[in-house]
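Take a look at the letters that make up each chain.
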Amino acid sequence: MIKPSHPAEAFWKIDLKIRRAFHESLKNWFLTHQRNLPWRDPRTPYAVTVSELMLQQTQVKTVIPYFNRWMTTFPNWKALASASEQSVLKSWEGLGYYSRARNLHRLAQTVVTELKGIMPSTVEGLTALPGIGRYTAGAIASLAFNQKAPLVDGNVIRVFARIFACAENVAKPNVIAEFWNLAEALLPETDFGIHNESLMELGALICTPKNPSCSLCPMQKICKGKTSPELYPQKDRPKAEKLQEKIALITQGKKYWVIPGKERQNGFWLFPTFNPSTMKWNQDFGSMKYGFTKYTIEMTYGLCEFKSKKSSSKEGQWMSINELESIPLPQAHRKIVKKLQKP
């Protein structure tokens, strides 16, 4: 029996029966039921890295078409490293959390210029690279190189919380630390990539957030939470903060005024925020709601004009609908363009 590093906070114990279920039952289930995902064949370090960054905060069904287009446009580290930031963001457009695209771009440049195109295979070497955290390093090391490395993501947390009936708030750092201890303690002696993928696949296909298929689960014999899976995992969910946004659609002939984004929107173009001191609001055009991290944003947008010719910034540009189609735009602004295209 293996004891966790903090017995007072621990919720798990491992005996031979539990270990056998994780190493045999789960692996056999995965080899039979795994999905045919494009980054699994061929399973190259580059494909694994791209998929892991895309899959952060994003569902598999959404990622698949983006991944396929990405691999056509940027088939390897060298192609990605030599691409412009705008082309990278354009290819990522719609996936959100654009820091992932920038991190992947910087990572490619580092691999090509500093590592001669060879990705490190160890967790230590991977975490030294830009944009690679503990989870991503564990995923790449185990999935791409079959290195002995644990990983913990949302699916793994849910699986562990239910199997071991963890009643703690899984968002707490000490509980997350215990999940990492558990993931490491449960690693087999071989087939580390298959083991880690099995855990994530179980959470994605069987041990789902709602309506889990407990009767089909290969772990049901050892699962302590199977009678009330809805109780796990426990997590505090803060309410999203609401923000208001007012966007100006300023026209000149058949062209629209757009400005370069800054900070988190750097590399994108966008319609400007309405400024009553320099702009006149002529007509409402539409509204939408969208989420960003901890915010719910209520956006309204309308047809506007500058109060004077001097009001426009030197940084902006007039662009036609066709030109707007070819540049990276935030997803909410892309939806505005689609509405502008309608007769």
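Quick look at the structure, then. It should be emphasised that the depicted structure is a prediction, and the values quoted were computed from it without experimental measurement.

### Looking at unusual backbone geometry
Okay, so step 1: The omega torsion across Asp41 and Pro42 is 0 degrees, close enough to zero to call that bond cis.
Okay, so step 2: Structurally, Pro42 can be placed in the loop between helix 1 (16-33) and helix 2 (45-55).
Okay, so step 3: We note that Lys116 has phi near 55 degrees; this positive angle belongs to a residue other than glycine.
Okay, so step 4: Along the polypeptide, Lys116 turns up in the loop between helix 6 (99-114) and helix 7 (123-127).
Okay, so step 5: Under the relative-accessibility criterion, Lys116 is labelled exposed at 77%.

### So, the nonpolar core
Okay, so step 1: Within the largest apolar cluster, 77 residues are counted, with the highest numbers of intra-cluster contacts made by Phe22, Trp70 and Phe160.
Okay, so step 2: A per-element tally of this core places helix 8 (residues 134-145) first, with 7 residues.
Okay, so step 3: Ignoring anything within four residues of it in the chain, the contact list for Phe22 reads Lys27, Phe160, Ile163, Phe164, Leu186, His195, Leu199, Met219 and Ile222.
Okay, so step 4: Listed in part, the 18 residues of the second largest apolar core include Phe271, Met319, Leu329 and Ile336.

### Section: the environment of Leu115
Okay, so step 1: With respect to the helices, strands and loops of the structure, Leu115 is situated in the loop between helix 6 and helix 7.
Okay, so step 2: Since its relative accessible area comes to 28%, Leu115 is described here as partly exposed.
Okay, so step 3: Between the alpha carbons of Leu115 and Pro272 there is a distance of 41 Å; along the sequence they are 157 residues apart.
Okay, so step 4: Those residues within four positions of Leu115 in sequence are excluded, and the remaining contacts are Thr110, Pro120 and Leu129.

### Some thoughts on the pairing of strand 5 (residues 295-306)
Okay, so step 1: Of the pairings in the sheet, the one linking strand 1 (residues 241-252) to strand 5 comprises 10 bridges and is parallel in character. Paired with Ala248 across the two strands is Gly302, which belongs to strand 5.
Okay, so step 2: Between strand 4 (residues 279-292) and strand 5, which pair antiparallel and follow one another directly, the connecting turn spans 2 residues, one of which, Thr293, has a positive phi of 45 degrees.

### Looking at the packing of aromatic side chains
Okay, so step 1: Counted under the stated rule, the structure contains 15 aromatic pairs.
Okay, so step 2: Relative to Phe179, the ring of Phe160 has its centre 6.2 Å away and its plane inclined at 20 degrees; by these criteria the two rings are stacked. With Phe160 in helix 9 (residues 154-163) and Phe179 in helix 10 (residues 173-185), this pair connects stretches of sequence that are 19 residues apart.
Okay, so step 3: Of the aromatic side chains, those joined through ring pairs into one cluster are Phe22, Phe160, Phe164 and Phe179.
Okay, so step 4: Arg69 extends its terminal NZ or CZ atom over the ring of Tyr66, reaching a point 4.8 Å from the ring centre.
Okay, so step 5: The ring of Phe285 carries Lys339 above its face, with NZ or CZ at 5.3 Å from the centroid.

Rules used throughout
Residues numbered from 1 in each chain as written. Predicted model: local features only at pLDDT ≥ 70, side-chain atom pairs only at ≥ 80, totals over all residues. Heavy atoms only, no water. Helix = DSSP H or I, 4+ residues; strand = E, 2+ residues; numbered from the N terminus. Buried < 20%, exposed > 50% of the residue type's maximum accessible area, 1.4 Å probe, protein only. Core = buried A, V, L, I, M, F, W, Y, C linked by side-chain atoms within 4.5 Å. Contact = heavy atoms within 4.5 Å. Pairing = 2+ DSSP bridges. Phe/Tyr/Trp six-rings, centres within 6.5 Å; stacked < 30°, edge-to-face > 60°. Lys NZ or Arg CZ within 6 Å of the ring centre and 35° of its normal.

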